[in-house]
Structures are given as structure tokens and as C-alpha cells.
Amino acid sequence: MKQHGVDTPTKKPAGSAGNASRRKFLGMGAVLGGLLTACQTTDIGEEKGPSPLGRPLRAYGERSANETSQRFMRPGKHPELGATRTPLQDSHGMITPSGLHFERHHAGIPDIDPAEHRLMIHGMVERPLIFTVEEIRRLPSVSQIHFVECAGNGGGEWGAKTAPSAELSHGLASCSEWTGVPLRLLLEEAGVKSGASWLLAEGADACHMQRSVPLDKALDDVIVAYGQNGEAIRPEQGYPLRLVVPGFEGNMNVKWLRRIKVDDTPYMTRNETSKYSELQDDGTAWIFTYPMDAKSVITYPSGGHKLNSQGAHEIRGLAWSGRGTISRVEVSTDDGGTWQDAELQEPRLPMAFTRFRIPWSWEGGDVVIQSRSTDDTGYVQPPTAALIEERGTKSVYHHNGIKAWKVNADGSVTNADA
Ligand SMILES: Nc1nc2c(c(=O)[nH]1)N[C@H]1C(S)=C(S)[C@@H](COP(=O)(O)O)O[C@H]1N2
Ligand SMILES: [Mo]
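A brief structural summary.

Definitions and limits used
Residue positions are counted from 1 within each chain, in the order its sequence is given. Chains and ligands are labelled sequentially in the order written, the chains with letters from A and the ligands with numbers from 1. Two thresholds apply to this predicted model, a pLDDT of at least 70 for residue-level local features and 80 or more for giving and counting side-chain atom pairs, whereas whole-chain, interface and lining totals are computed over all residues. Each side-chain value is worked out from all heavy atoms of the structure, with water and hydrogens disregarded. Strands are runs of DSSP state E lasting at least two residues, helices are runs of H or I lasting at least four, and both sets are numbered from the N terminus onward. The buried label applies to any residue whose accessible area, calculated with a 1.4 Å probe on protein chains only, is under 20% of its type's maximum; exposed applies above 50%, and partly exposed to all values in between. Contacts are residue-level and defined by heavy atoms, with any inter-residue pair within 4.5 Å sufficient. Residue exposure ignores everything except the shown protein chains as possible cover, and the areas themselves are Shrake-Rupley values with a 1.4 Å probe. Whether two strands pair comes down to DSSP finding at least two bridges between them. Between N-to-C directions, angles cover 0 to 180 degrees, with each direction set by a line fitted to C-alpha atoms, over the stretch in contact for helices. Residues are classed as near a molecule or strand on a simple rule: at least one heavy atom within 4 Å of it. Under this definition, polar contacts are N or O atom pairs within 3.5 Å; protein pairs additionally need one hydrogen-donor-capable and one acceptor-capable atom, and for neighbouring residues in sequence, both atoms have to be side-chain atoms. Each residue is assigned to one class: nonpolar for Ala, Val, Leu, Ile, Met, Phe, Trp, Tyr, Cys and Pro, charged for Asp, Glu, Lys and Arg, and polar for all the others, Gly among them. Each pair of aromatic rings taken from Phe, Tyr and Trp, with Trp reduced to its six-membered ring, is defined by centres within 6.5 Å and is described as stacked if the planes are under 30 degrees apart, edge-to-face if over 60, and tilted in the remaining cases. Whether a charge sits over a ring comes down to the Lys NZ or Arg CZ being within 6 Å of the ring centre and within 35 degrees of the ring normal. Salt bridges are identified by distance alone: a Lys or Arg side-chain nitrogen within 4 Å of an Asp or Glu carboxyl oxygen. Within this scheme, the nonpolar core is defined by two criteria: the residues are buried Ala, Val, Leu, Ile, Met, Phe, Trp, Tyr or Cys, and they are joined through side-chain atoms within 4.5 Å. Where a domain begins and ends is set by an automatic assignment or by a domain database. What the arc describes is the spread of directions from the helix axis to the C-beta atoms.

### Examining the overall build of the chain
Next, step 1: Along its length, the chain carries eight helices and 24 strands.
Next, step 2: The burial tally for the chain puts 47% of its 418 residues in the buried class.
Next, step 3: At a minimum sequence separation of 6, the contacts of the chain that also span at least 24 residues come to 71%.
Next, step 4: Counting every atom, the chain has about 20,900 Å² of accessible surface; 53% of that belongs to carbon and sulfur.

Rendered as C-alpha cells:
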């Protein structure tokens with residue numbers, strides 16, 4: 001069969017890349033046996049004459065109507081507040097589609113006219129400045145791929161690990177390509193006065209989200225972003241301007257950014273004292289715990305999936321670290337007895353999602369699977385028990401313990417501790 005303008009694989013000369021990769025694929029017969037048999041016996045049908053024309057073109061694309069993956073939303077009394085979660089269990093690769101990026105809003109999504117919006121930089125600077133969005137977009141730009149992860153991601157995993165799915169256990173994390181201006185550039189333009197060591201970032205939403213950011217981080221890799229995955233940042237992610245603070249807890253990535261005040265002290269705002277601080281068993285709390293430590297989660301198979309047949313499956317997941325690049329991910333399929341290195345998808349970027357994959361054959365029965373990541377500082381993702389040993393169970397935030405799923409004999413996948 002020859003479709004218009006498309007050569008079938010059989011038309012390729014012997015020894016072409018297509019055939020070589022086909023041979024490689026067939027060489028995996030021992031692993032893929034079940035799948036290949038299924039292919040051979042499938043009737044692909046006779047050609048039924050010319051196909052009708054497809055639907056018309058459209059100016060802004062949408063995914064296939066067959067794809068229904070949604071952000072997880074829990075209906076609340078106040079629909080403007082709370083969070084939606086990325087359905088990590090349905091994800092491919094390292095980038096989160098903008099429409100599925102998790103959301104965490106403290107006061108709803110403001111409707112901001114970019115022509116009216118301003119960013120003010122003041123405080124301990126030689127020249128206080130006010131930028132329009134147009135001015136920001138004219139400045140030398142960078143694009144960086146980074147995850148944003150709420151410090152509360154996995155907060156439910158401190159106690160009974162009941163999260164039934166990857167979106168509920170890990171879905172307050174997403175990864176995008178962010179485009180914008182290095183904050184360093186704006187600060188150099190304003191002229192930071194000597195003695196300054198902090199800045200306060202403030203949003204234009206109803207709660208005027210405020211966070212203190214150490215000046216050395218601000219001068220390092222922070223960006224004032226206006227782009228997300230190739231287009232303007234979505235309103236939910238902070239349109240028209242947001243701070244991207246690579247690797248630091250999500251809350252510091254102030255959305256709808258309208259003000260930066262340079263100072264020589266942190267501000268002890270609500271969201272860095274009462275919230276986003278970690279209560280210890282002795283009644284003291286850790287504050288300014290900025291980087292998100294190395295973490296990983298198996299996204300397939302994960303809670304809610306159903307394996308329909310034994311044999312070949314690819315275990316897939318995501319790993320990330322707020323302190324650098326993921327250097328290793330190990331996977332166990334025997335309840336932590338033995339661990340095997342997974343293949344890491346390139347490029348592996350600092351403070352970005354890294355996709356990992358490992359072939360696996362399910363021989364039926366109950367199987368507990370889990371993943372463990374290591375970053376390039378040498379830090380290894382700990383078991384949850386070790387985190388609890390260190391911090392107790394009141395911390396709420398910064399849970400990065402190893403996550404286990406259980407593949408049950410009937411093919412259903414559940415939380416291993418449910
Ligand atoms: N202005 C403003 N910025 C904000 C918030 C907010 O409510 N208002 N939420 C913060 C929190 S707690 C997190 S985890 C991240 C979430 O970013 P996202 O909604 O783009 O995923 O934004 C942070 N920035
Ligand atoms: Mo958050």
C-alpha cells in the first residue's frame with residue numbers, strides 16, 4: 001500500500017537506517033515476544049478506496065479529541081484558591097504541556113492587561129526603575145528549561161502513604177521552557193548598592209504574594225519570564241511576567257510579578273514564616289529551605305494504571321533536583337531488594353525534569369516497583385523513613401522520599417502502602 005507522498009518501509013533500500021533499527025527492534029524479541037505475536041495476527045484490513053478529506057485547518061491547535069488527560073481538581077468552597085495537579089501518569093518526555101502545568105493560586109488568577117502592567121525595581125539601588133512589559137521583552141533574552149515544584153508536593157506522603165496516583169502524590173511539579181530576561185541584567189541596570197543582600201519579590205494578584213530572595217541567587221540564574229514553551233506565559237502561570245527561581249521551592253517563583261525591592265534583610269513574610277517553613281518535633285521550624293532536593297517518581301506503571309497483559313512493559317518516570325543535574329536513577333522491581341540503572345533521556349539539564357526508562361517484563365503476581373535518583377552533588381534520594389527519622393512528620397513541605405507502587409496480580413496498580 002502506498003499513501004500519497006509516503007513510502008512504505010518495504011520501499012527502503014536494504015541496509016537503510018530504517019531496516020537497521022527494525023533489526024534492532026526484532027533483536028529484542030525475547031523481551032517483546034508477546035507484543036510481536038499480537039502484531040503478526042492483527043488483520044490490518046483491505047484498502048477501502050479513497051479516504052474522505054479530513055477536517056478543516058484551524059488557527060490555534062488542539063489535541064486529539066481522544067486525549068482527555070486533565071489537571072486534577074478538587075472542587076472547593078472557593079474555586080479561586082488552591083491547586084490543580086499535573087497528570088504525571090499520562091506524561092511523555094520532560095516538558096509539561098502548558099495547559100497541564102500545575103497551578104497553585106492563593107488569590108485567584110488576575111486578568112492583567114500587559115499594556116498596563118509595570119515592574120518596579122527599587123530599594124537599595126542607584127536608579128529606581130519602572131519597566132513596561134514591552135521594554136522587558138526588548139532586552140537580551142534567555143530560554144531555560146526548569147521545573148517548578150510546590151514545596152507542598154508530596155505533603156500527604158509524610159503519614160500513611162495513601163495517594164492513589166502520581167498526580168496526587170507528585171503532581172505539584174511541572175517542567176517548562178521559560179523565556180525572559182536574566183534578573184541580573186535588570187538589577188545591573190538599576191545599580192545594586194553595596195551592602196544589599198536580599199530582595200523582596202511581589203505579585204500583582206489580590207494577595208500580593210511576597211517572598212524574600214537571596215541576592216546571590218537573584219544575580220545567578222533567576223529570570224523574569226514572559227515566555228513558556230514557545231508562547232506567552234499562560235495566565236495561570238503568571239501572565240505577563242513571573243519570576244523563575246530555578247530549583248527553589250515553587251512559592252518563590254512569584255507570578256504576575258510587579259515589584260522587586262532590594263534590601264539588606266529578608267522580609268519574614270507570611271509565606272516564608274507561617275507557611276513554607278517546616279515544623280520539627282521539638283517545636284522549632286526550619287525556614288529558608290530553598291532548594292528542592294533530588295526526587296523521582298515512576299509515572300508508568302503508576303497508581304490508577306491497569307496492565308492488561310503480562311510480558312514487556314517499559315517502566316518510565318521523572319527525576320529532578322533543585323541542586324543540579326540528575327546523574328543516576330535506579331529502579332527496583334523487587335520491593336527494594338535489588339536496583340538497576342535506568343536509561344536517562346538527554347539532554348539532562350540542571351533543575352529540570354529528566355525522563356528515565358527501563359525495560360521490564362511483568363511475569364504476573366504482586367510486584368512492588370520504585371525509583372531512586374541521585375544528583376551531581378552526589379545526593380541520593382532517601383527512603384521516607386529516613387526523612388521521618390530526621391524531621392518527624394509535621395514538616396508538611398519538602399517531602400522527597402522514595403515512592404513505591406504496587407502492581408497487583410490482576411494488573412491494577414495501587415499505592416504500595418495502601
Ligand atoms: N503572585 C503569586 N505568585 C505565586 C503564587 C500565588 O498564589 N501568587 N503561588 C506560588 C506557589 S505556592 C507556587 S507552588 C507556584 C506555582 O506556580 P504555577 O501555578 O505556575 O504552577 O507559584 C507561586 N507564585
Ligand atoms: Mo506552593
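After that view of the structure, there is still more to cover.
### Some thoughts on the pairing of strand β13 (residues 257-263)
Next, step 1: The buried fraction of β13 amounts to five of the seven residues, a majority that puts the element mostly inside the structure.
Next, step 2: In terms of strand pairing, strand β4 (residues 118-123) meets β13 through four bridges, oriented parallel. Directly across from glycine 123, in β13, lies its bridge partner valine 262.
Next, step 3: Alignment of strand β8 (residues 198-203) against β13, held across six bridges, turns out to be antiparallel.

### Focus: the sheet that holds β8
Next, step 1: Strands sit in the order β5-β4-β13-β8-β9 across an open sheet of five strands; the sheet is mixed. One side of each edge strand has no neighbouring strand; the edge strands of this open sheet are β5 (129-132) and β9 (210-214). Averaged over all pairs of adjacent strands, the angle between strand axes in this sheet comes to 20 degrees, irrespective of strand direction.

### Some thoughts on the site of ligand 1
Next, step 1: Phe102, His106, Asp205, Lys255 and Tyr276 are the nearest of the 20 residues found near ligand 1.
Next, step 2: For ligand 1, an oxygen atom lies 3.0 Å from a polar atom in the backbone of arginine 104.
Next, step 3: Lysine 255 has a polar side-chain atom sitting 2.5 Å from an oxygen atom of ligand 1.
Next, step 4: Broken down by element, the shell around ligand 1 gets its largest block of residues, three residues, from strand β3 (residues 103-105).
Next, step 5: Looking at the shell around ligand 1 residue by residue, the class counts come to six nonpolar, eight polar and six charged.

### Here we look at the packing of aromatic side chains
Next, step 1: A full pass over the atoms with the stated rule returns six aromatic pairs.
Next, step 2: Look at phenylalanine 248 and tyrosine 290: their rings are 5.2 Å apart centre to centre, the planes differ by 20 degrees, and that puts the pair in the stacked class. Highlighted residues: phenylalanine 248 in the loop between β12 (242-244) and β13 and tyrosine 290 in the loop between β15 (285-286) and β16 (295-300), separated in sequence by 42 residues.
Next, step 3: The class of phenylalanine 248 is buried, set by a relative accessible area of 12%.
Next, step 4: These aromatic residues form a ring-pair network of at least three members: Trp198, Phe248, Phe288 and Tyr290.
Next, step 5: Sitting over the face of the ring of tryptophan 339, arginine 372 holds its NZ or CZ atom 4.1 Å from the ring centroid.

### Section: the sheet that holds strand β2 (residues 82-85)
What links the strands of a sheet is backbone hydrogen bonding, and the strands pair in either a parallel or an antiparallel sense.
Next, step 1: With respect to topology, three strands assemble into an open sheet ordered β1-β2-β3, the strand pairing being antiparallel. A strand with exactly one partner marks an edge of an open sheet, and here the two such strands are β1 (72-73) and β3.
Next, step 2: In terms of strand pairing, β2 meets β3 through three bridges, oriented antiparallel. Residue pairing across strands places glycine 82 opposite histidine 105, the latter belonging to β3.

### Let's talk about the pattern of salt bridges
Next, step 1: Per the stated rule, a full pass over the model turns up 19 salt bridges.
Next, step 2: Where arginine 71 meets glutamate 236, a salt bridge forms, and the shortest distance between an N and an O atom there is 3.4 Å. With arginine 71 in the loop between α2 (29-40) and β1 and glutamate 236 in the loop between β11 (231-232) and β12, this pair connects stretches of sequence that are 165 residues apart. Each of the two residues, arginine 71 as well as glutamate 236, counts as buried.
Next, step 3: Notably, a salt bridge pairs glutamate 330 with arginine 372, separated by 3.1 Å at the nearest N-O pair. Here glutamate 330, found in strand β18 (residues 326-332), pairs with arginine 372, found in strand β22 (residues 367-375); they are 42 residues apart in sequence, far enough to count as distant.
Next, step 4: Assessed through its relative accessible area of 21%, arginine 372 is described here as partly exposed.
Next, step 5: Members of the salt-bridge network, linked through shared partners, are Arg328, Glu330, Asp341 and Arg372.

### Some points on the environment of glycine 191
Next, step 1: Structurally, glycine 191 can be placed in the loop between α5 (183-190) and β8.
Next, step 2: With 63 residues separating them in the primary sequence, glycine 191 and proline 128 have C-alpha atoms 8.6 Å apart.
Next, step 3: Once residues lying within four places of it in the same chain are set aside, the contact partners of glycine 191 are Met124, Val125, Glu126 and Arg127.

### Re the pairing of β16
Next, step 1: Within β16, five of the six residues are buried, which leaves the element mostly enclosed by the surrounding structure.
Next, step 2: As defined by bridge partners, β16 adjoins strand β17 (residues 311-320) across five bridges and the pair is classed as antiparallel. Directly across from valine 297, in β17, lies its bridge partner leucine 318.

### Describing the environment of glutamate 189
Next, step 1: One can find glutamate 189 in helix α5.
Next, step 2: Counting along the chain gives 68 residues from glutamate 189 to isoleucine 121, while the straight-line C-alpha distance between them is 9.8 Å.
Next, step 3: Beyond its immediate chain neighbours, meaning those up to four positions away, glutamate 189 contacts Arg127 and Leu129.

### Quick notes on the nonpolar core
Next, step 1: Counting residues in each nonpolar core, the largest one holds 43 residues, and the members touching the most others are Phe353, Phe356 and Val407.
Next, step 2: Here this core gathers at least three residues from each of two domains, domain 1 (15-21 + 291-415) and domain 2 (98-286).

### Looking at α5
Next, step 1: What α5 keeps buried is the set Leu183, Leu186, Leu187 and Ala190. Summarising the axial view, the buried residues of α5 lie within an arc of 95 degrees, below the 170-degree limit, and thus occupy one face.
Next, step 2: Phi for glycine 191, located one or two positions after α5, is positive at around 80 degrees.

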